[in-house]
Every structure is written in structure tokens, then in C-alpha cells.
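Observations on the three-dimensional arrangement
If you want the building blocks of each chain, they are given just below.
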Amino acid sequence: SNEGTQTLPDDQKPVALLCIGCVLIASSLLLFLKSVWKACYKTSKFPKKTTVALFVASTSAAILTIVAMPHLDIVTNVTILNGIAILSALLQIIAQCMAKERNRFLLPSITAFILILLGYTLFLTLYIMKNPSDTKMALWVGLAVGGSLLVSFNWWENYIRVISEHSKSIFIQVFYKDMRRCENMLNIFSSLLRIIVTACVLGAYVPLAKMDWDVVTSIPRRQTRIISIIIGVQLVSSALCHWFSLSACKMHALRRCFILPLYLASLSVMVLFIVPVIVYYQDYRISLNGTSTNFTNYCSVVVDGRNTNLNVFSINIYLWLNFPLYLGLWSSGSAVSWWLGLVLATLHLWYLTVYRIERTQDLFIRRLYEGAFIEQSLLLNTRFDIQKRKKKRIHKASEPAMIYLCATMWHETYDEMMNIIISIFRLDKYRPKKDAKVKDFTFDTHIYFDDAFENVEGQGRHLNEYAKTLVNVLAEVYRKLEKIPDQKVIRTPYGGRLVITMPHGNQITVHFKDKELIRHKKRWSQVMYLYYLLGWKLMTKYYRRWDKGENEEDLKEQIQKEKHNTYLLALDGDTDFQPAAVMLLVDRLKMYPRVGAACGRIHPTGSGPAVWFQKFEYAISHWLQKTAEHMIGCVLCSPGCFSLFRAEALMDDNVMKRYSTKSSEASHYVQYDQGEDRWLCTLLLKQGWRVEYNAASDAYTNAPEEFKELYNQRRRWGPSTMANVADLLGATTAICKRNSSMSKPFMFYQLFNMISAILAPATICLLIAGSLTFVLKINASLALVLAVVPPAIYLGLCFKLKPDTQITIAAILSIIYAFLMLVVTMAIVGSMVADQTILTPSGIFIVAMTIIYIFTAVMHPQEAVLVFYGFLYIICIPSAYLLLTIYSMTNLNNVSWGTRETKPDPKTVQAVAAAPQMTTQKVVLLLAEHLKEFVSLQDEEVFWTELQKKYLEPLVNDKDKQKKMSEELKNLRNKINFAFFMVNALWLVATFTLQTFEDTFSIKIPKVNLQLEVTGDITIDPIGFMFILGFALSVAIQFFTMLIHRMSTLIHYVAFLGTEPLEKKPEKDTYRKGKKVITTKITSTIVILQ
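Summary of the structure given here. (Residues numbered from 1 in each chain as written. Predicted model: local features only at pLDDT ≥ 70, side-chain atom pairs only at ≥ 80, totals over all residues. Heavy atoms only, no water.)

Quick notes on the packing of aromatic side chains
- Under the criterion given, the structure shown has 29 aromatic pairs.
- Look at Trp612 and Tyr869: their rings are 6.2 Å apart centre to centre, the planes differ by 10 degrees, and that puts the pair in the stacked class. Note that Trp612 is positioned in helix 23 (residues 609–632) and Tyr869 in the loop between helix 34 (841–858) and helix 35 (870–875), a separation of 257 residues in sequence.
- For Trp612, a relative accessible area of 36% puts it in the partly exposed group.
- By relative accessible area, Tyr869 is classed as partly exposed at 23%.
- With centroids separated by 5.7 Å and ring planes inclined at 75 degrees, the aromatic side chains of Phe1039 and Phe1040 adopt a geometry described as edge-to-face.
- On the accessibility criterion, Phe1039 (15% relative accessible area) is buried.
- Phe1040 gets classed as exposed once you look at its relative accessible area, which sits at 52%.
- Sitting over the ring of Trp524, Arg523 keeps its end group 4.4 Å from the ring centre. (Phe/Tyr/Trp six-rings, centres within 6.5 Å; stacked < 30°, edge-to-face > 60°. Helix = DSSP H or I, 4+ residues; strand = E, 2+ residues; numbered from the N terminus. Buried < 20%, exposed > 50% of the residue type's maximum accessible area, 1.4 Å probe, protein only. Lys NZ or Arg CZ within 6 Å of the ring centre and 35° of its normal.)

This is the structure in C-alpha cells:
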């Protein structure tokens, strides 16, 4: 109808058919690739022959779209696609009848089936009445009806699940189980079959229709480009439509952003085709100045003027405008019947219960979408459930959860304690226990204070200054309240306990540990709360009920349910977080049953160059490394400062029990005690649990501000990380079989990362050597020798000097290396400007990494400012990856904690000292005066006594044993250091040899300027070249997984904002920080007696 419209001639029809084939094959190809990727993570079993046979029936889209639809008008093609819901409507009727429930959607399903059947009847009658003698058209119409009926088999899986649940047929039940068990192989088989069938239909139809494939290669380039763009737009838009539909469902926008737009899609297409034709036809009539004409003459003039055929690939609007009235009504009637049938067949979707970040497999039955009829496939592929009148569908995500907040404290400062206490009070206000409107979870807080007691001459054991600081913090938070909250001071076998009720009903329990009574340090505090909360509080009540004679099977089911819905939020004593951060982690565990742990985005706080360096390091680690682990495998470390663990996972075989193992070998001290959080995750991964990362769940923790403290912290983290990763790599085969999220490609990715970490010192030496060569214009071999000498000397000194002296030398060398890196960076940039090229190895590396980091920062807009710390990070690379590695490896035998080993804040000590110390008698009187209780544990005492005896008895100070273990640690250090630095030496020697015989072994790469002119050659040794390629591939994987993870994070965050109840913000924060004051009422009640 438009003069700019172009129609393909008859001899170029194969091009259009090829495009249609590409549309059909694209989705099947994506399904095949995704299924193969899924198959890498789990053992794929082959299905039975009967299961495969039913999948063959759903491969007939090619017959409908390639053979039949090109011979029908576009309006009919648009409307007949709605008729593919006929089998879905029939299966809905069967499923609802078999359910034997009063279902409100049985009548709509019956009506939908009748309407779609009526639409096919009207369609057949219309074309028969149009020209009864046209046998070819009858054939095309028959193929269209048959093809659409066969296409409707695509979504029979959506209903077989419901039918099998209510069917007594063993065949159907076994068939459904086999289908679910062999899902990956069935998807691989069906996608390959679809591709083959489409190719066969396409290949056979063109010769049978007397067309020639040679025309495909003879089309002019301009038309080829246009066709490619059109097909590309279709393929991309179909994939985006599927993705946005999935996102809309996960964002809780099912009705307005998913169902309604898909209903209107076919109507919109019809309007877009029909309205322009009517408009142009009216303009044509006006241009004739009153001359009589009709639509047939208009079409003839338009078509004749373009030398095209009116009957094929044209819009047959004539049926709609100039047919007799009864035929027009029949034509319209079939379109309306099909559309209403589709609407009624999917009416149940309006009442579908969808939870935020619902799993894709719970939203859509099949992974496949049909590119040729995207809106119908999305609607019919969405989960079908029996919608009962009275009883709603019960979803695991709606079950209330119990969260235990478990914080470990030791030598935190006043401000650090204030951060976590305020965060806990925020959560109390967010989910109050009193008059709770939202009952998705309840929580209880437990703080485990290590080494909280000290000897007071003449008075026995009293709280030390750090423990009293915590009491002051609790008093400060309550400074605006009129009265002291309800409290209990409880004597315990491990020291003492303070129980405080917060304003909204939730409780804080502070466990003050006496190292003379119970084993101290963080891992043992974690063992303490694992057995107390999961062993005593969770399991004891069921044991008592079983002892009274209750049904064992019922109790097992209840225990399993409670274990699954009980979570532990691990916190450090200085963690600052918002309630929303907790909710986002809870969502992950609620929605995905195999997620054993989830961690958030940890932000280091503080000031100074050491903290700035860590801010960028943490950012890169979370932006790229953790997202890559999350997307292609599992996060290997869920940090204990802010992570949510599932009780069921922690109580699994060889997790809690193994975690409670006392270190008996030298390697245990490195793996178990130096990186307890990573080791716990290693145990979870080995048992088949998934560990995830949520980027929107923000938490803040204080980072080391001093160079010494930072080095001591990383001295613990580095070796323990390598030990745990090596442990996982050694059990690759077993882990990949047990853990569905871990695959051998992912383990290979981790192997490459570990090799990179091992070779980091040698790589930095090579970097420095290259820098010296570039700046000083000296021989490469001489530069390598100069680069290796200072680290080698430092390595030797680390075996002889004390740790503090080693750190002092490292600090001096770090400054020297920082200046060198600054000069080198500026020199490389200047070289690129002078040579007018970035196409050199160093230039490509710097530009590529800069672009990746900047783009990654842009994708994290709230954290984008951290990219400015990247310059400090770059000049500190030698210190972080060379000197720190040497220090960590040579001090591997040092298993002390290394951080927070400081005295209390003098100001806090003076303030606490001002409070009067209370004797035993005064404490009891004061408690009575303020209506407090001083009670014993009674029932718990036996539990604590047995737990201490089995796991938590204080370690005996056996000097002979300590001396023996010290020697074993030194032997372990020497063995590991020999292997570690020997590998680095071999790497350096290999590079030195290749540089010596540069002309023989080097790879020459043309040096190209900005005008793409070759200005010389660049030589690279083969080993370095392969390492650069491996590094580039690793960074590329991290970058693309980051993009995907950002999209999923955005979906989750939007879903959270759209579903969480809104609360009015108070004018002022009730729990903001204020002056440090002493409240004698609370302080004086915490003198715990033995």
C-alpha cells in the first residue's frame, strides 16, 4: 500500500524461506547450548523410548511456518497462531477433571476449547466457500490446520505434571518422573531434532515447489544487507522478549508487564497491518477526485505498478473490506474465536501466585521459546496450577523462617560495637515481634564475646574492659528511653549471659565467654553457637516429643521443614547493615532449596592509603571475581562478617562435625584456623550445597588501617585460601558428581586462577624487568636480574628476621616499587602517545583493563567513585602480589591471629573505670531492686557440660606438644616454600632462556599505529603469550558474567522494592550515635559470678 514497499519476486522466495528457517532454528540452537552447559554440571541420564516418542510430536513448526503460512494472507497468519492453544485447553480440562476439585477455571477452559475449535471450523469454511475448486489452496489450508495442531503439542509438559499427581496410572507417573529425571538429555535431543526437521522441511520444500537455492547467492548486496538486518532484528527481539517476560515475572509485574502486553501483541500487529492499508486506500480515492473505484482496482493498480504478484506474500485485505457481509463476519469470527480462546486458555495466569525472583523452572515449564510465535509460546509455557476455590497453593517461599543473628566479638572498639548494635536495633524495628504485620520471619540475636573476663584481685573473675564497652554501647542505644529494658543475667558453665529485650520485642543474648572455662577464638565461638542454636534450641524439643511417644515419621518431617527454614546470619563484631540487606539474602535461600549459604557485598570502611587500596581491591573482587564464581559455579568463600547460612546445610554430614575438629596436624592450622569462613564453605561445597553472592546486599566492616595490620591479616588469608582451593581441586571428580553447581570447566577456571596466584611473584618480577628495560633502555636479561635481586634478598631475610622487621622492610620496598610503577605507567602512556599506537602488548593490556574497570564501575553507579582508587591499586601491585606473597609464605608457620591484638581505647577504659565495681551481694540486691532476674540454666547445664567436654574444653598449655607442633609447622613451611618458589624460579628461568634465544623462539607481532600502518615488529616469548591469552580469557569471562549478574541483581532489587511493605521514615533516627555515657544501672548488673 505504500510506494516504498518492496516485495520479493517469486524467484527469490527461497531467501524468505531461509529467513523463516533461521527464526525457527535460533531458539532451538539456544536451547541446545544451554542444555549442554547444564549437562556439564550434573550427570545427564538417557530417557526411555516412550518419553522420546512424545517429544517427536512437537517438532512440526516448520510445516506450519515454511510450507503453509506463505500461501495465506498476513492477517490470517497472525490470527491462526492463537489457535495453537487448542491442545493446552483440552489438557487443562483433563487435568482439572482428574483433580476432582471445585475449580473456577474449568468452565473457561471448556469455553476456550470450543472457541478455538469454532475458529478452525470458520477458517476452513471460509476458504472452501472462497473457491471450492482450488485444490492447492485446500492443501495449504489443511497443512496450516494440521501444522498448528501439531505445534500445540509443544506445551503438553505443562499439564502432564498436574495429571500425573492425580492419576492412578503407573505409566503416567513413571513417564513424568522419567521426563524430569532426563530433562537435559530430552532438551538436547528435542532441540537437535527440531533443527534437523526444520532443515529437512526447508531443503525438501524448495525443490518440490520448483524453486532454486542458487538464487540465495545471487541477490544484490544491498538486499542481502536489508534481509540480514530484518532477520537479525527478529532474532534479537524474540530473545529480548523472552528475557523481559521472565524479568517481569520475577519483578512481580506478571499482569501489567507480561500477560496484558502478550494478549495485545497479535491485535497490535493486525492494527499495524490493516490501518495503513485503509489510510492509503482512502488517500488513493481522494486523489481520483470522485472517480468511482473499489479496493480491488486499487490493489491491481498498486501491484501492477510494481510488477509483483498480488496472490503471494501480499496482504489480502480484500477479504476484510470487499467480501460479502457473511464472509467478512466469518473471517472476523475465526480471528476473534482464536484470540478469545487463547485468552480464556490462559486466564488462570491472572491468579498465578508468583514470588519475587521466582525460579525460572518454576515459572516456565520448558526452557524453549518459539521465535515464530513468541507471545503464544510464552503464555502457554507459563506454569499451570490447579486453582482451588478455598485452598491456595502453598509455596515454600511463603513459609515463615527463623533467623539467628550470630555475632562474634573480641577486641572491637566502642564505635565498631555501636555499628552492629544499631544495625540489630534497626532490624528489631523492621520486623517487630510485638504486633507484627509481616510474619515472613522472626529473629533472635546472639553475640558471642571471646575472652570477656579478667582476674580482679580479691574479687575473682570480672568482665574486662572490652566487655564493659559493649555494655556501655547497649546503654547508649537506650539513652532516649524512659526505662531500662527487660533483662536477665544468667550464670552459665562457660561464663555468663546477658539477655536484653529490645523495644519491639526481639531479644539480644550476649554470651560472655571465659577462656578458663571454654575454648576461645572465632572458630570455637562459631562451633559454640552452631551446636547451641541448631543442636539444643532446634532439636531438643523434638527429642522430648519423641520421648513422649509421638509419631517418629511426623517428627522427622517437621524437623526437616524447620531445618530447611532456619537460617544463621554470621556477623563480625563491627558489621554495619540495613534490614533490606538481610531480606535480599533471605530471598536467595527461600527460593532456591539447594543454596546453603549466601553472602553480600562487603564494603571496607576506614581512612588512609591502606583502606583506599582495600576499597578498590574489594570492589574488583566482588564486581568481577565473585560474580563469575556465582554465575559459572559457586562462590568459594562466604565471609563470616555478613553471610546467611541454612541450618539444613550446616547440619549435613561432615559439616558441623568436621568443622568442630581440633587441629591435630600442621596443615590443619593453616586450613582450619587461619581461614575458618572459607573452610566452612569448602565443607558445604563438598556436600553438594550451593554458595551464592548477592550484590545488592550491602554490609560495612572496618578494614585494617595500618600497613602492619593489613599484612598480618593477609598473612592468614593467603595460605588458607590456597589450601582450601587445593582441597577442592583435589576432589574435583567427587565434587562435580555431588554438587550440581560445580563443573569441571569451572574447576579448570579455578585451577588457572590458582596457578596465576602461585606465579604472581615471578610475574611481578617480569613486569618490573620490563619496566626497567623500557625506562632505562637496558638489556632484557640484565633487567630481569636486577628485578629478581631485591625480592630474593627479602625472601632470605624473611627466614631470619622477626615478623615486625619483615613488615618494616616490606613497607620501605613498597614505597620504592610504587615510585617505579608510577614512572613506568606514565612512560607507557607517553610511549603510546609518541608512537601513535595502542596496539602493543602493554598498550592493549592497559587500555583494555582501563576500559573494563571503568565500564564495570559505571555498571555499579553507587560505587563508581571507587574507580579513582584504582591508580593507588596499580602502583601497589608489587607490594600486594610480590612482597605480601613472600611475607605470607615465609610466615606460614605463624598461626597467631595478627589483628585486633591491641589494648582498649584509653577513653573507653577511663569511662568504664568510672563506674563502681559491684560485689556479689550488691549485684543481687541491685537486680532485685530493678526487678531483674539472676537465674541458672537448669536444663541447659547438662548440654553445655557435654558440649564443652566433647568439643570446647580449653586447650591445655602443653609446652612439649606446642614445641612439636611448632617444628611441624616450620617443616610444612619449608616444604611448601621450596615448591612454591621453585615453580616461580623455573618460570623465571624459562623466560630468561627464551629472552636469550629471542630470535629463535620469539613470536613477532606487527606494530600498527593509529592509521593502521605497520611501523615495526614486537617480540613476545611463547610462554608469556599463552599466559596473556589465558589471563585475557579469564578477564573476559569475569566481565561477561558481571553483566549478566548485574541484570539479575537489578531484577531482584526491583522485585524487592515492589513487594516489601513501605514504612514511613521517622523524622529522626532513634538509634543514632551520641556521646559515650555510662549507665550504672546496666553496667553494674553484668558482674557475672562463677
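Things to note about helix 12 (residues 254–287)
- The end-to-end C-alpha separation of helix 12 is 48 Å, in line with the 50 Å expected for 34 residues at 1.5 Å each.
- Where helix 12 bends most, at Ala265, the angle is about 35 degrees.
- Within helix 12, burial applies to Leu254, Phe258, Ile259, Leu262, Tyr263, Ser266, Met270, Ile274, Val277, Tyr281 and Tyr284.
- Note on helix 12: the residue one or two positions beyond its end, Asn289, has a positive phi of about 55 degrees. (Expected span 1.5 Å × (residues − 1). Bend = angle between axes of the 7 residues up to and from the residue.)

Overview of the packing of helix 28 (residues 707–730) against helix 36 (residues 877–890)
- At their nearest, the axes of helix 28 and helix 36 sit 9 Å apart, and the two run at 70 degrees to each other. The orientation of helix 28 relative to helix 36 falls into the category roughly perpendicular. Of the residues in helix 36, those touching helix 28 at Phe707, Tyr711, Asn712, Arg714, Arg715 and Pro719 are Ser879, Leu883, Leu884, Tyr887 and Ser888.
- Looking at the contact of helix 28 with helix 36 residue by residue, the class counts come to 6 nonpolar, 3 polar and 2 charged. (Axes fitted to C-alpha atoms, helices over the stretch in contact; angles between N-to-C directions. Parallel < 35°, antiparallel > 145°, perpendicular 65-115°, else oblique. Contact = heavy atoms within 4.5 Å. Nonpolar A, V, L, I, M, F, W, Y, C, P; charged D, E, K, R; others polar.)

Overview of a nonpolar patch on the surface
- A contiguous nonpolar patch, built from Val785, Val789, Ile793, Leu797, Leu801 and Phe992 and spanning about 450 Å² of accessible area, is present on the exposed surface.
- The element that contributes the greatest number of residues to the nonpolar patch is helix 32 (residues 780–798), accounting for 4 residues.
- Checked against the element boundaries, Ile793 lands in helix 32. (Patch = residues over 30% accessible without salt bridge, like charges linked within 9 Å, V, L, I, M, F, W, Y side chains within 5 Å. Areas by Shrake-Rupley, 256 points an atom, 1.4 Å probe, with all protein chains shown as cover. Salt bridge = Lys/Arg side-chain N within 4 Å of Asp/Glu carboxyl O.)

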